[in-house]
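Chain by chain, the residues run as shown.
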Amino acid sequence: MFSVIAAAGCAHHTTTVQPPAQPPSGIPPSLPGQPAPSPPSGVPPSAEQQPATPGEYVEEGVASWYGFPFNGRRTSNGEIYDMNEFTAAHRTLPFGAVVRVTNLSNGRETEVRINDRGPFVANRVIDLSHAAAEALEMIGPGTAPVRLTLLSGPNPGIGFFGVQVGAFQNEDNAERLQSQLEARYSPVTIAIYDSPYGIFHRVRVGRVPNEAAAAALAARLRSEDHLTTFVIRLDN
């Protein structure tokens with residue numbers, strides 16, 4: 001069972017907000033001043049097409065949301081982010097996964113489709129679109145304790161995982177950290193992220209076949225190298 005508990009929740013009356021999250025039926029047109037859209041990530045390798053078991057993956061923690069200035073920019077799977085759609089960013093769930101999100105402070109629920117990566121903030125487990133956050137009545141507070149329940153999509157336990165240990169606007173700083181770590185870890189790579197606030201160089205360590213191995217690597221990096229770590233799914 002893929003069950004991860006990050007924070008405690010509490011029971012409340014449940015109010016479900018729909019529409020359900022659906023895969024995109026087409027590619028949205030490009031917006032003025034934004035890059036032309038590209039198709040969503042292609043069909044995953046055959047092993048990753050093994051479907052998830054509904055309810056098998058449950059995670060609790062803190063949700064946040066994002067809107068402007070990310071609206072209209074490309075998400076990690078190649079789509080153009082529309083903050084009015086029911087989508088979300090998650091660090092390790094596969095693209096296309098559909099997740100029920102329950103706001104544990106008021107019992108409201110909605111469903112989102114994972115199409116982006118994040119949040120890279122300690123103790124947060126999902127970054128919701130504006131529409132999803134509005135459905136959960138968490139726009140004002142900005143965050144909320146939530147429970148995530150995987151409903152459908154690729155098997156979350158299949159794929160490759162690594163550990164993000166830093167994000168730098170200065171490329172030299174990213175390369176310096178990469179050089180420091182390469183003597184003891186392999187591989188150590190730098191991924192470029194074009195954010196609304198400028199280009200960031202994300203330093204990532206390892207390529208392991210399951211999330212548990214990535215969590216062990218993250219613990220070692222925290223203990224021995226005193227780094228802030230995030231376990232991530234490697235999408236390419």
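Each value, and the rule that gives it
Each chain has its residues counted from 1, running along the sequence as written. Where local features are concerned, this predicted model is filtered to residues with pLDDT of at least 70; where side-chain atom pairs are given and counted, the filter is 80 or more; whole-chain, interface and lining totals use all residues. The side-chain numbers reported here are obtained from all heavy atoms of the structure, hydrogens and water having been left aside. The pairing criterion for strands is at least two bridges between them, as found by DSSP. Starting at the N terminus, helices and strands are each numbered in turn, a helix being any DSSP run of H or I of at least four residues and a strand any DSSP run of E of at least two. Between 30 and 60 degrees the pair is tilted, below 30 it is stacked and above 60 it is edge-to-face, where a pair is any two Phe, Tyr or Trp rings, Trp via its six-membered ring, whose centres lie within 6.5 Å. Think of it in three bands: residues with accessible area under 20% of the maximum for their type are buried, residues over 50% are exposed, and the middle band is partly exposed, with areas taken using a 1.4 Å probe on protein chains only.

A. How the structure looks around the pairing of strand β10 (residues 188-195). As paired elements, β10 and strand β11 (residues 198-208) share eight bridges and run antiparallel to each other. Its bridge partner lying in β11, D194 is registered against I199. Two successive antiparallel strands, β10 and β11, enclose a turn made up of two residues.

B. Examining the packing of aromatic side chains more closely. Within the structure shown, the criterion is met by four aromatic pairs. Arranged with centres 4.5 Å apart and planes meeting at 5°, the rings of Y66 and Y81 form a pair that is stacked. Residue Y66 is located in strand β3 (residues 58-66), and its partner Y81 is located in the loop between β3 and β4 (87-89); the two are separated by 15 residues in the primary sequence. For the residue pair Y66 and Y81, the accessibility class agrees, reading buried in each case. Ring geometry for F120 and F230: centres 5.6 Å apart, planes at 80°, overall edge-to-face. Pair noted here: F120 is in the loop between β6 (108-116) and β7 (124-129) and F230 is in strand β12 (residues 230-234), with a separation of 110 residues, a long-range link. Using a relative accessible area of 13% as the deciding quantity, one classes F230 as buried. Put simply, the rings of Y66, F70, Y81 and Y197 pair up and form one aromatic cluster.

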